[in-house]
Amino acid sequence: MKFIVAFAALIALALAAPVDEKDAQVLKYDSDVAADGYSFQYDTSNGIQHQEKAELKNFGDDVVALVVRGSYSYTAADGQVYTVNYVADENGFQPEAAHLPKA
């Protein structure tokens, strides 16, 4: 019985070990591209998740640009998961995250 418990613990530890970056695999990928924007989402085996959506926005006077919203998260070397939410629009790239300094 002790052997089975120890073996199960060893298997659980091996499965929980971080994946080497060069060996990471894409676990999920979805993408949609249209004339007026795009969206995508992916997850990798090393814990990275990224999703993004862009839409054309008319700013008037024949000025049209993409407005992008998204987020990504990753597990850092310290074991903490960091998440960044962002918008890129007429005001530039605007990231927000608990670990980023505030202006």
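Residues numbered from 1 in each chain as written. Predicted model: local features only at pLDDT ≥ 70, side-chain atom pairs only at ≥ 80, totals over all residues. Heavy atoms only, no water.

Labelled according to an unreviewed UniProt entry, the protein chain appears under the name Pupal cuticle protein, originating from Aedes albopictus.

Caption draft 1: Seen up close, the pattern of salt bridges. Inspection of every chain in the model, using the stated rule, returns 3 salt bridges. The salt bridge partner of Asp 23 is Lys 22, with a shortest N-O separation of 3.8 Å. (Salt bridge = Lys/Arg side-chain N within 4 Å of Asp/Glu carboxyl O.)

Caption draft 2: Spotlight on the side chain of Ser 71. Relative to the helices and strands, Ser 71 is located in strand 4 (residues 64-75). Excluding residues within four positions of it along the chain, Ser 71 makes contact with Gln 49, His 50, Gln 51, Val 84, Asn 85 and Tyr 86. (Helix = DSSP H or I, 4+ residues; strand = E, 2+ residues; numbered from the N terminus. Contact = heavy atoms within 4.5 Å.)

Caption draft 3: Fine view of the confidence of the model for the protein chain. Mean pLDDT over the protein chain works out to 84, with 82% of the residues at or above the 70 mark. Across the protein chain, strand 2 (residues 37-44) holds the top mean pLDDT of 97, while helix 1 (residues 2-16) sits lowest at 47. Across residues 1-10, where pLDDT falls below 50, the model places 0 contacts with residues more than four positions away in sequence or in other chains. (pLDDT = per-residue confidence, 0-100.)

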